[in-house]
Amino acid sequence: MPDRPGDHWDRKVANGLAFLRRRLSGDYEVDEFGFDPELTDAVFHPLLRLLYRDWFRTEVSGIEHVPVDGPALVVGNHSGTVALDALILSAALHDKHPAHRYLRLLGADLVFRMPVVSELARKTGGTVACNPDAERLLGGGDLVGVFPEGFKGIGKLYADRYKLQRFGRGGFVSAALRTGTPIVPVAIVGGEEIYPMLADIKPLARLLKLPYFPVTPTFPWLGPLGMVPLPSKWLIEFCPPIPTAHLTDSADDPLVVFNLADQVRETIQQTLHTLLERRPDPFGP
């Protein structure tokens, strides 16, 4: 029997009320890291979907390189002054992947020292970027997302856009090696243009205990309006996985770790060049 005109909205209202009842009564589950899948699906992903699909017009390719099940370490380039790229990647991967997998993001200590941001990060599946947490997640069969450039990536000037910064000491590689987890490099084009950083006011950053204080074409000149990201065109490409199962005995070998980290970095950098050729206009359709 076909739905009557009001049935669709009746179901939406009923589902919304049922969701609120579960939240108020505490009838929902979170894991040991604080991840709340129901809240992520009902609130956070719909909001991010508006951004990645409608505002940034994101195209995703290579999703077949992300395993259907089992662990993988997804390693991406970082950019954008504000780390929207991590959130967009997480939502786009979940929506485009045939198994709708969640990406458990590893974040900097600063993220988890900020009262509201910390809670949101935990609820959406994030945890501190440290090897013990990464290895526990990978050992449990999760997809783990890491951005080895850290604040050097998101805090670089627009003049240095799409030039990968150093990958630190390769801690992410050690976590993959210890668990025999494949590494999936991912290249993200589009994040550099959302808040083009023209300058960094270092004295003000030190005063506020921030890694940088950005000056963009719209911030701080337009106040809160300067926080609206520019509608750049995004391309996300997942690269073929790099196996590590044959190197589990080399997790503490600095040379192996460095070479593998360099291989991942070079793969992402070359893929960025290819994607930029496909997207000559940063604000095109």
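(A) Representation of the environment of Phe219. Its place among the elements puts Phe219 in the loop between strand S8 (214-215) and strand S9 (235-238). For the pair formed by Phe219 and Tyr195, sequence separation is 24 residues and the distance between their alpha carbons is 8.4 Å. The residues contacting Phe219, other than those within four sequence positions of it, are Phe213, Pro214, Gly226 and Met227.

(B) A look at the environment of Val184. Its place among the elements puts Val184 in strand S6 (residues 183-189). For the pair Val184 and Gly70, spaced 114 residues apart in the sequence, the C-alpha separation amounts to 13 Å. Discounting residues that sit within four places of it in the chain, Val184 has contacts with His65, Pro67, Ala72, Leu73, Val74, Val75, Phe238, Cys239 and Pro241.

(C) Focus on the sheet that holds strand S2 (residues 72-76). Overall, mixed pairing links the seven strands, which are arranged S1-S9-S6-S2-S5-S3-S4 in an open sheet. Each end of this open sheet is capped by a strand with a single partner; those strands are strand S1 (59-61) and strand S4 (127-128). As paired elements, S6 and S9 share four bridges and run antiparallel to each other. By the bridge assignment for S9, Val189 is matched with Leu235. Its contacts with the sheet put helix H9 (residues 254-278) on S1, S2, S6 and S9, and the angle it makes with S6 is roughly 35°.

(D) Representation of the packing of aromatic side chains within the structure. Counting across every chain of the model gives four aromatic pairs. Note on Phe56 and Trp234: the rings are 4.7 Å apart at their centroids and 25° apart in plane angle, and the pair reads as stacked. On the criterion of sequence distance, the pair formed by Phe56 in the loop between helix H2 (37-55) and S1 and Trp234 in the loop between S8 and S9 is long-range, its members being 178 residues apart. Directly above the aromatic system of Tyr158 lies the positively charged group of Arg161, at a separation of 4.1 Å from the ring centroid.

(E) Looking closely at the pairing of S2. Here S2 lies mainly inside the structure; five of its five residues are buried. Alternating residues of S2 divide into Ala72, Val74 and Gly76 and Leu73 and Val75, and every residue in both groups is buried. Two strands pair when backbone bridges link them, and S2 and strand S5 (residues 143-146) are joined in this way by four bridges, in the parallel orientation. Bridged to Val74 within S5 is Gly145. The sheet contact formed by S2 and S6 spans four bridges and is parallel. When the bridges of S6 are listed, Val75 appears paired with Pro185.

What counts, and at which threshold
- Residues numbered from 1 in each chain as written.
- Predicted model: local features only at pLDDT ≥ 70, side-chain atom pairs only at ≥ 80, totals over all residues.
- Heavy atoms only, no water.
- Helix = DSSP H or I, 4+ residues; strand = E, 2+ residues; numbered from the N terminus.
- Contact = heavy atoms within 4.5 Å.
- Pairing = 2+ DSSP bridges.
- Axes fitted to C-alpha atoms, helices over the stretch in contact; angles between N-to-C directions.
- Phe/Tyr/Trp six-rings, centres within 6.5 Å; stacked < 30°, edge-to-face > 60°.
- Lys NZ or Arg CZ within 6 Å of the ring centre and 35° of its normal.
- Buried < 20%, exposed > 50% of the residue type's maximum accessible area, 1.4 Å probe, protein only.

Any functional reading would require information that these geometric values do not contain.
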